[in-house]
Structures are given as structure tokens and as C-alpha cells.
Amino acid sequence: MSLNQKVSKISAKGRMWWVFSVVMILLLTTLVVVSGESYNNFSKSVAEKTNDVVVLPTIEKPLEFNLGLDLKGGAHLVYKADMSGIEEADRSNALESVRDVIERRVNAFGVSEPLVQANRTSSGDYRIIAELAGIKNVEEAIDMIGETPILEFKEENREVVNELQNEIDKAQQEQVEESTATSTSTETSTSTEIGTTSKDMLDINLGDNEGAQEISVEDGVAQADFDIDKMLAEKQEAGELDDMWVTTDLTGKYLKRASVQFNPNDGSPEVSLEFDSEGSDLFAEITDRNIGRPVAIFLDGLPINVPNVNEKITGGKAQISGNFTLEEAKDLVTRLNSGALPVPISLESQKTVEASLGAASIKKSLKAGIIGLILVSIFLMIVYRWPGFLSIFSLAVYGLSVLAIFKALPVWLAVALIALMIALLFYIFNELKIFTASLAFLFGIFGLLLFFYALKPITLTVAGIAGFVLSLGMAVDANVLIFSRIKEEFRNGKSIKLAIDEGFRKAWPSIRDGNFSTILTCLILMYFGTSTIQGFGTTLFIGIIVSLFSAIVVTRVLMIISSGSFLEKRPWILGLKKNNKLDK
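Residues numbered from 1 in each chain as written. Predicted model: local features only at pLDDT ≥ 70, side-chain atom pairs only at ≥ 80, totals over all residues. Heavy atoms only, no water.

### With respect to the overall build of the chain
The condition that has to hold: Helix and strand assignments come from DSSP, with helices taken as H or I runs of at least 4 residues and strands as E runs of at least 2, each series counted from the N terminus. Burial here depends on accessible area, computed with a 1.4 Å probe over protein chains only, as a share of the maximum for the residue type. Under 20% is buried, over 50% is exposed, and the range in between is partly exposed. Contacts are residue-level and defined by heavy atoms, with any inter-residue pair within 4.5 Å sufficient. Only the protein chains shown count as cover for residues, with accessible areas throughout obtained via the Shrake-Rupley method and a probe of 1.4 Å.
Counting secondary structure elements, the chain contains 19 helices and 13 strands. Going through the 584 residues of the chain one by one, you find that 45% of them count as buried. Partitioning the contacts of the chain with sequence separation of at least 6, the portion at a separation of at least 24 is 77%. Just so you have it, the chain exposes about 29,900 Å², and 55% of that area is on carbon and sulfur atoms.

See below:
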């Protein structure tokens, strides 16, 4: 005898009892997941009171809800991205790259589910918004993100350098001629190398920059009372030296990895860079066309290393040497490995959300949810009597299942939970003879989305909780439609079993259209809305899918297993007047 034949021999009520057993397992599982540490405390209490006769298993690592900035408190930072050096067509991609880099840096420091967003304002500015839940000190948050390094390789602007060199040579020559005319003995320089000019300009550019390496040049040049440093300082102040270095295509975005190494000669810390294949080709091209000339390595707009190129360098490796301490070198490596920003950013605003605000929001939200649930339960029991009472159990399954999905479930538990829900839905649809291929496809897609959301924690904000509470109303609405249809079938003289079946069958089109239109709205909010709106749409979407399971599966199971002659003889229990007659 096949399995289908064996199952077909079981009565409808008997099959529902089997389904009810599965639902109870689901209920207990979600209750344990949602309870978390409270379940462990309960398990220990039971073991103590029974002298270890009853020992319940405990959860090694209880899952926690992930609370957003408005519930947990933290830091809210707004950065402005400077896109002046990026082509218009590439700016959106550059902004997303900045967002990814900042998110990686924040994740590396262990912030729980940071929210980092990129957007463009109506005025055309590009901004990065970072919401860091749990961070109470704004300065700590700013330090955490840090001055993410902008790594650039620059080559000399030969035209500018040559003009400057000629100007220096001319000024020196004039000074020598003047000294000769006045018979003043002056020891002059026979040659002034470009490297000297580069050094002087770099000394001025560096200012108080700690850890910057000075370039070794030949000293001992007499300047005949001509002060090159003064001349360069005046030009620097006038902005005439800004074009001395030309930015190449090689930047930090081609960086594969950075590491700390030590100079074999003096043991000083250095930072080793390794580029990807594209970066290696660019580095080889740059060194090939600058043999015998300096190539400057700039970090955050300042030159930290200006080595002279002796030969073409292949392999995509370079070293940054300077007056680094070991801690400075490690910090630079960490920042570089976290990702170099393709564009500079500047902090525009900062705000701290106090923990007291989060606690108050949680209390108010819980209070509103509990009061709403109690009022809805009272309404259902007054209007629909026994079915209303059963719907409370259905809503409990719904609530615990949704809250469990809000946590980051292990893969095996997420698969079991979602697969069980979808399988039971398919079974009940088949029992009601409304199962179709299109319905199977839609709920298959919904199941995949639920599985995706069950694997990672949902960041709960006040807006997200509002979406959850609204989905509770949708769950109640589905039960109301079903109970109203069942009462109509009773009034039409159907037996209780037929009335339940017809009630679910005829209520389904209304439930389907109402919920599917809301699901479509949720998808729009989730994929096109901002962070708060996305959170609202996500929790509402999850709640609606689970509410369909609780209304169609759980409510039907409870109605079938509680049906019988007892209810048929007492119509008032079903919310009907005593003079309503029920025909078999």
C-alpha cells in the first residue's frame, strides 16, 4: 500500500491532528528561539526545582534581536564626498565604493549591524550617512571610521619643474653677478639638481606631518646669500607650486594588500604594497616613463615617500618607508587593507542618540503592541466566540514565528522553519482544492525571500516595529474574513465541516487580493525606499507572509479538530443566534 493510500484512509480530522502536532513543534521551536537567555534561565530553574530529574537542553549561544539606532542609541554621522576629480558618469559608482569601504572599516571594529548609506541630495551633493548602533561616544565613532587613506601615485610635472628650475638658476646667477660686481667673495653652486628643488618643496608641503620621509639629496650647496626656501615658501603660499605633481591613474583602489615589513639595514618599520594585475601594469608603465626621476607616493594629499626610479618595476610591489613607529605602520596597513577611498570625504554633521531614547521607544512600542493584541483578542472572542478564541492561538504562532525570523537563524533552522511553513500551506491549499501552479510559484518565491531574511538579523527600528504591528492587523483581518464566511455558510444550512471548508475556500480570494497588493507595496518600499522606509517594508512583508500561514494553516487546523456535534448543537458558541437552525 502506497503512502498516499495510507494517508487517504486517515480521516480529515485525523490528518489535521498530525498537522497540529507539527504546528506545536513549530510553536515550541520559535518560542525557544525568541526567549533566548530567558529560556536558559527557565531550564536551570526547572533542573534546580526537580533536583535534576527534569533537565531541559540549553542554548549555548542565545540569539539576540538586532536593535537599530533609534532603539539602542548610538552615533549618527554624515559625510560629504568630494566628487570634483571624478567624471560625472563614474560618480555613482565612486560613491558606492566609498560606502563599501566605510562599512568594511566599521565592521572590522565590531559594530553590530551598522547602517551605512550613500545618497545624492537635491542640491547635487554626494553624502554618506553612517548610523552606528551601540556607539555612545561620537568622537569614538569618528575615530573608528578614521581618516580613511586616499593613496595616490604622482609623477613630476616636468614643465612646471623645469620652469621653476630655470627661475631658480636665473635668480642665483643674478646673485652671483651682483656679488662679483661688488667684489664679494661668494661660493656658488655649480649645479642645482631638480632633486634639491623637489626636496625643498616637499619640506614646505609636509609642514608638521609626522612620519614623512625626507628625500636624501646632495648637500653642501652654497647659495650666495640666495634663500631658495624663502622663495619656495612665497610661491607655495601663492599656490604656484600646486601643479608640481601630476596624479596618475594608479590609486588605492588597485591595492591588493598591504603589510608591515622591516628595513634590513636599520630595522625600521616599512609598509609593503602589492597591487592587483591592473595596478601592476599601471605601476610598470609609471616607473618605465620616469626612470631617473622621482615618483611621489601621496597619502591623504600629503607626500610620504618620494623615491627616485632607477629602472622599470614589474610585479606590482612597492614600499613606503618613513619615520614610522611600529604602531603607526600597523595602523596604516589596517587602514589600507580596509580599503582606500576613491574620493575624499569630510564630516558634515554628527549626532548622538541617547540610550534613554531607545529604552523609551522600546517600552512604548511593546506597550502599544500588547494593548493592541489584548483589544483585538477581546473583540474576536466577543464577536466570533469560539473561533475568535482559537484565532488567539493562531496569532501566537504568527507572532513567535515572525520574531524568530527577525533574528539571524542558523541555516539548518531557517531551512526547516521556512520549508515547514510552505509545505503546510501547499498541503492545506491542496485539501481545499485551490492549489494551482501559479500559487505554488508565488509561495515558492515568498519562501526563498523569507529564507534570505531568516539568515541575517533584521535591524529593528521604531518604523520596523510599526510594520510588524501593522502586519498583525492584516493577520486578524484574514481571520475575520474566514470566520464571517463560515458563519454565512452556517446560516445557509451547511454542516460544520462543509461550512469550514467553504468558508476558507470563499474567503481565500479576498485574503489573496488584499495581502498580495500589500506585498507588492512592501517590495516597492524595500527596494526603492530609504533606510527607515525599507525597514518598515521589510518587517511588514515578513509579517504578511507569515500571517497567511497562520490564517490558512493554523486557524483551519484548530477549526477542524475542534469541530463536531457539540458545536453544531450550540450555534451561539460560533457567534450565531439561538434561533439559527443548522441543517446537516
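There's plenty left to go through after this.
### Observations regarding helix H14 (residues 411-431)
Quick reminder of the rule: To estimate how far a helix should reach, multiply one less than its number of residues by 1.5 Å. It is the directions from the helix axis to the C-beta atoms whose arc is reported.
Taking 1.5 Å of rise per residue, the 21 residues of H14 would be expected to cover 30 Å, and the 30 Å separating its terminal C-alpha atoms lies within 8% of that figure. For H14, the full list of buried residues reads Leu413, Ala414, Leu417, Ile418, Met421, Ile422, Leu424, Leu425, Ile428 and Phe429. The arc that holds the buried residues of H14, viewed along the axis, is 155°, so those residues lie on one side. Counted as exposed and oriented over 90 degrees from the buried face of H14: Val411 and Trp412. Lys433 sits one or two residues past H14 and shows a positive phi near 60°.

### Re the nonpolar core
One broad rule of soluble globular proteins: the nonpolar side chains tend to lie buried together. Worth spelling out the cut-off: Buried Ala, Val, Leu, Ile, Met, Phe, Trp, Tyr and Cys residues that are joined via side-chain atoms within 4.5 Å together make up what is termed a nonpolar core.
With 82 residues, the main nonpolar core has Phe443, Ile486, Trp508, Phe541, Ile542 and Phe549 as its most contacted residues. Secondary structure elements with two or more residues in this core: helix H2 (12-35), helix H12 (355-384), helix H13 (386-406), H14, helix H15 (437-455), helix H16 (462-491), helix H17 (496-528) and helix H18 (531-562). Among the elements that line this core, the one with the most residues is H18, at 17 residues. In this view, Trp508 contacts Phe429, Ile434, Leu439, Phe443, Leu548 and Ile552; residues no more than four positions away in its chain are not counted.

### What to know about the packing of aromatic side chains
Quick note on the threshold: Note on ring pairs: Phe, Tyr and Trp rings are taken, using the six-membered ring of Trp, and paired if centres are within 6.5 Å. Classes follow the plane angle, with under 30 degrees stacked, over 60 edge-to-face and the rest tilted. In this scheme, the term charge over a ring applies when either NZ of a lysine or CZ of an arginine sits within 6 Å of the ring centre and within 35 degrees of the ring normal.
Under the definition given, this model contains 19 aromatic pairs. For the ring pair Phe275 and Phe283, a centre distance of 5.8 Å and an interplane angle of 40° mean the geometry is tilted. Judged by relative accessible area, Phe275 falls into the buried class, the value being 3%. What links up through ring pairs into an aromatic cluster is the set Phe429, Phe443, Phe446, Phe452, Tyr453, Trp508, Phe516 and Phe541. Cation over ring: Lys407 sits above Phe65, and NZ or CZ is 4.5 Å from the ring centre. In this structure, Arg556 is placed above the aromatic ring of Phe504, and the distance from its NZ or CZ to the ring centre is 5.9 Å.

### Details of a negative patch on the surface
Worth spelling out the cut-off: Put simply, a patch holds well-exposed residues, over 30% relative accessible area, that have no salt bridge, with like charges counted together within 9 Å and Val, Leu, Ile, Met, Phe, Trp or Tyr side chains within 5 Å. By definition, a salt bridge exists where a carboxyl oxygen of Asp or Glu is found within 4 Å of a side-chain nitrogen of Lys or Arg. We treat Lys and Arg as the positive residues and Asp and Glu as the negative residues; His and chain ends play no part in the count. One atom stands in for each charge, and that atom is NZ of Lys, CZ of Arg, CG of Asp or CD of Glu.
Together, Asp249, Glu278, Asp281, Glu285 and Asp288 give the surface a local cluster of negative charge. Tracing the sequence through the fold places Asp249 in strand E6 (residues 245-251).

### With respect to the side chain of Lys154
As for its position among the elements, Lys154 is in strand E5 (residues 151-156). Beyond its immediate sequence surroundings of up to four residues, Lys154 is in contact with Trp245, Val246, Thr247, Thr248, Val295, Ala296 and Phe298.

### Points about helix H3 (residues 37-49)
The end-to-end C-alpha distance of H3, which contains 13 residues, comes to 19 Å, matching closely the 18 Å that a straight helix rising 1.5 Å per residue would cover. Turning to H3, its buried residues number three or more, namely Tyr39, Asn40, Ser43, Val46 and Ala47. Down the axis of H3, the sector holding all buried residues measures 125°, keeping them to one side. Looking at H3, the residues exposed on the side facing more than 90 degrees away from the buried face are Glu48 and Lys49. Trailing H3 by a residue or two, Asn51 shows a phi angle of about 50°, which is positive.

### Quick notes on empty space enclosed by the protein
Under the convention used in this document: Buried and open spaces are told apart on a 1 Å grid over the protein atoms alone, a cavity being a set of points where a 1.4 Å probe fits but cannot get out and a pocket being an open set with protein on both sides within 12 Å along at least five of seven lines. Residues with an atom within 4 Å of a point are the lining residues. Grid points are joined across faces, edges and corners, and a volume is the space filled by probe spheres set on the points. Note on residue categories: nonpolar means Ala, Val, Leu, Ile, Met, Phe, Trp, Tyr, Cys or Pro, charged means Asp, Glu, Lys or Arg, and polar means any other residue, Gly included.
Applying the stated criterion across every chain, the model contains one cavity of 30 Å³ or more. Within this model, the largest cavity holds a volume of roughly 50 Å³. Lining the largest cavity, in full, are Pro387, Phe483, Ile486, Lys487, Phe490, Met559 and Leu574. With four residues, the top contributor of residues to the lining of the largest cavity is H16. A breakdown of the residues in the lining of the largest cavity according to their chemical character gives six nonpolar, no polar and one charged.

### Side note on the packing of H16 against H17
Relative orientation and spacing of two packed helices are given, respectively, by the angle between their axes and the distance between those axes. To be explicit about the condition: Angles shown run from 0 to 180 degrees and are taken between the N-to-C directions of axes, each axis being a line fitted to C-alpha atoms and, for helices, limited to the stretch in contact. Handedness of each helix crossing follows the sense of rotation of the near helix against the far helix: counterclockwise by less than a right angle gives left-handed, clockwise gives right-handed.
Viewed as axis vectors pointing N to C, H16 and H17 meet at an angle of 145°, and their least axial separation amounts to 7 Å. Considering the relative orientation of H16 and H17, their crossing is right-handed. Among the residues making up the contact of H16 with H17, the classes are represented as twelve nonpolar, five polar and four charged.

### As for a nonpolar patch on the surface
Judged by side-chain polarity, Ile370, Ile371, Ile374, Leu375, Ile378, Met381, Ile382 and Phe389 come together as a nonpolar surface patch covering roughly 760 Å² of accessible area. Among the elements that line the nonpolar patch, the one with the most residues is H12, at seven residues.

### Points about the pattern of salt bridges
Pairing is possible between side chains of opposite charge, provided their charged atoms come close. A complete count under the given rule lists 15 salt bridges for this structure. Between Glu348 and Arg127 there is a salt bridge; the shortest N-O distance is 2.6 Å. Taken as a pair, Glu348 in strand E12 (residues 345-353) and Arg127 in strand E4 (residues 126-133) lie far apart in primary sequence, 221 residues in all. Using a relative accessible area of 38% as the deciding quantity, one classes Glu348 as partly exposed. Looking at Arg127, the relative accessible area reads 17%, which means it is buried.

### Comments concerning the environment of Glu64
As for its position among the elements, Glu64 is in the loop between H3 and strand E1 (66-67). Separated by 28 residues in the primary sequence, Glu64 and Gly36 place their C-alpha atoms 7.0 Å from one another.

### Points about the environment of Leu302
Here Leu302 is to be found in strand E10 (residues 302-305). Distance in space between the C-alpha atoms of Leu302 and Leu151 is 9.5 Å, their sequence separation being 151 residues.

### Some points on the pairing of strand E7 (residues 255-262)
Keep this limit in mind: Any two strands with at least two DSSP-identified bridges between them are counted as paired.
Sheet topology note: the E7/strand E8 (residues 269-275) ladder contains seven bridges and is antiparallel. By the bridge assignment, Arg257 is partnered in E8 with Glu274. Between E7 and E8, which pair antiparallel and follow one another directly, the connecting turn spans six residues, one of which, Gly267, has a positive phi of 75°.

On their own, these measurements won't tell you what the molecule is for.
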